Amino acid sequence: MDIGHRQISLERQCELLGLSRSSWYYEPRELDSLSEELMRLIDEQYTRVPVYGYRRMTAWLRTQGYAVNPKRVLRLMRLMGLEAIYPKPSLSKRNREHEIYPYLLENVALVRPNQVFSTDITYIRLQKGFVYLTAIMDWYSRYVLDWEVSVSMDTEFCCATLSRVLKRAIPEIFNTDQGSQYTAKAFLDLLKAHSIKISMDGRGRALDNVFVERLWRSVKQEEVYLHDYRDVSEAKDRLAAYFQWYNRERLHQSLSYHTPEAVYTGRVTLEQEAS
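Each value, and the rule that gives it
Residues numbered from 1 in each chain as written. Predicted model: local features only at pLDDT ≥ 70, side-chain atom pairs only at ≥ 80, totals over all residues. Heavy atoms only, no water. Buried < 20%, exposed > 50% of the residue type's maximum accessible area, 1.4 Å probe, protein only. Helix = DSSP H or I, 4+ residues; strand = E, 2+ residues; numbered from the N terminus. Arc of directions from axis to C-beta. Contact = heavy atoms within 4.5 Å. Salt bridge = Lys/Arg side-chain N within 4 Å of Asp/Glu carboxyl O. Disulfide = S-S within 2.5 Å. pLDDT = per-residue confidence, 0-100. Phe/Tyr/Trp six-rings, centres within 6.5 Å; stacked < 30°, edge-to-face > 60°. Expected span 1.5 Å × (residues − 1). Polar contact = N/O pair within 3.5 Å; in protein donor to acceptor, adjacent residues only side chain to side chain. Core = buried A, V, L, I, M, F, W, Y, C linked by side-chain atoms within 4.5 Å.

Undergrad: Sorry if this is basic, but what is going on with helix H4 (residues 54-63) here?
TA: Since there are 3.6 residues in each turn of an α-helix, residues three or four apart along the chain are aligned in direction. Looking at H4, one finds that the buried residues are Tyr-54, Met-57, Thr-58, Trp-60 and Leu-61. Down the axis, H4 shows its buried residues gathered within 165° of arc, on one side only. For H4, exposure combined with an orientation more than 90 degrees from the buried face picks out Arg-55 and Thr-63. Tucked into the core, H4 has its buried residues touching helix H3 (33-48) and helix H5 (70-80). Following H4 by one or two positions, Gly-65 has its phi on the positive side, about 95°.

Undergrad: Explain the pattern of salt bridges here, please?
TA: In this structure the tally under the stated criterion is 16 salt bridges. Here Arg-125 makes a salt bridge to Glu-44, at a shortest N to O gap of 2.7 Å. Highlighted residues: Arg-125 in strand S1 (residues 116-125) and Glu-44 in helix H3, separated in sequence by 81 residues. Judged by its relative accessible area of 6%, Arg-125 falls in the buried class. Taking the relative accessible area as the measure of exposure, Glu-44 reaches 24% and is therefore partly exposed.

Undergrad: What should I look at first to understand the state of the cysteines in this one?
TA: Every disulfide links exactly two cysteines, by a covalent bond between their sulfur atoms. Taken as a whole and judged by the stated rule, the model has zero disulfides. Of all cysteine sulfurs in the structure, the one in Cys-159 sits closest to Cys-158, which takes part in no disulfide; the separation is 7.0 Å. Accessibility expressed as a relative area gives 2% for Cys-158, which makes it buried.

Undergrad: In this structure, what is going on with the confidence of the model for the protein? I would like to understand it.
TA: Scored by pLDDT, the protein comes out at a mean of 85, with 80% of its residues at no less than 70. A low-confidence stretch, residues 1-6 (pLDDT under 50), is modelled with two contacts involving residues beyond four sequence positions or located in other chains. Across residues 86-93, confidence stays below pLDDT 50; counting only partners more than four residues off in sequence or on other chains, it has 11 contacts.

Undergrad: For this particular structure, what's the right way to read the packing of aromatic side chains?
TA: For any pair of aromatic rings, the description rests on two quantities: the centre-to-centre distance and the angle between the ring planes. Per the counting criterion, the structure on display carries 10 aromatic pairs. Where Phe-130 meets Tyr-132, the ring centres are 5.6 Å apart and the plane angle is 85°; that geometry is what we call edge-to-face. Take Phe-130: its relative accessible area is 1%, and that puts it in the buried class. You can call Tyr-132 buried: its relative accessible area is 3%.

Undergrad: Mind showing me how you'd approach H3 here?
TA: In this model, H3 (16 residues) spans 23 Å end to end at C-alpha, consistent with the 22 Å of a helix rising 1.5 Å per residue. Buried residues of H3: Ser-35, Glu-36, Leu-38, Met-39, Ile-42, Asp-43, Gln-45, Tyr-46 and Thr-47, and no others. In this structure, the buried residues of H3 make contact with H4, H5, S1, strand S2 (130-138) and helix H9 (210-222). Its side-chain oxygen at 3.1 Å from the backbone nitrogen of Leu-34, Asp-32 defines the N-terminal cap of H3.

Undergrad: Would you take a moment to explain the nonpolar core for this structure?
TA: In summary, soluble globular proteins display a tendency toward joint burial of nonpolar side chains. Counting 41 residues, the largest nonpolar core has Ile-42, Met-57 and Leu-61 as the members making the most contacts within it. Those elements that provide at least two residues to this core are H3, H4, H5, S1, S2, helix H6 (155-166), helix H8 (185-192) and strand S5 (197-200). In terms of residue count, H6 provides more of this core than any other element does, six residues in total. Apart from the residues within four sequence positions on either side, Leu-61 is in contact with Leu-38, Leu-41, Ile-42, Tyr-66, Val-68 and Val-73. One finds Leu-126, Val-219, Tyr-229 and Tyr-242 within the second-largest nonpolar core, a separate group that totals 29 residues.

Undergrad: Help me out: how do you make sense of the environment of Glu-271 in this one?
TA: Within the element layout of this structure, Glu-271 appears in helix H12 (residues 270-274). Once the C-alpha coordinates of Glu-271 and Val-111 are considered, the two residues, 160 residues apart in sequence, prove to be 8.3 Å apart.

As structure tokens, this is what we get:
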């Protein structure tokens, strides 16, 4: 009897296919059509105006002709992992047993690749349902070192992405927000095992991680909003092509119109350009 792939663990099969285990079991989210439409609108408006909390988002949706109440908007924004960029009462509670670290990047000069890495999670819509995208970026070069999609905002796919990155490069400082994925012991242990300094954004201060926030805006405006992904497979294929283009071809004004890959690999240095 041909047992073939049965001899390979599910974890290994997912690794070979480039999938997280949660994506293997993906089924479209069971949401009513209005909720899906509202989430699309919320995502686009939040990308344009990230200072909108659920109250102002509710008011804006009403100006668009949607008679929604704040509780529904709050529930959808929590599902999407969104919160306004300003200090405010916490909407999503972190696990109190998890460790929290101070923000280490105030007034830090970025002078070289592999000095500071950071990560975050964002919502990516599909024709039916949605997934979450995480990415790890080098701050100096804006180079996207790795990324992954998942059907849930769990720790597993964040740890898997981090593990792949740390096999290739070790930063001096790694910055995250205070989400439960990044304060989880499994994630922190990966950083501690490589003696990496851990930095965390202040509560309600998404601009502490401003370069990743700018990345999400670029991903959505230059790729996601231009296409309606049918399923996870199409989303992964198109995002793979986008990140390759972003790293290797997209010229950044902040990088003196060089690509992230050229700066990260040292083919050009920003100090030489400045002089």
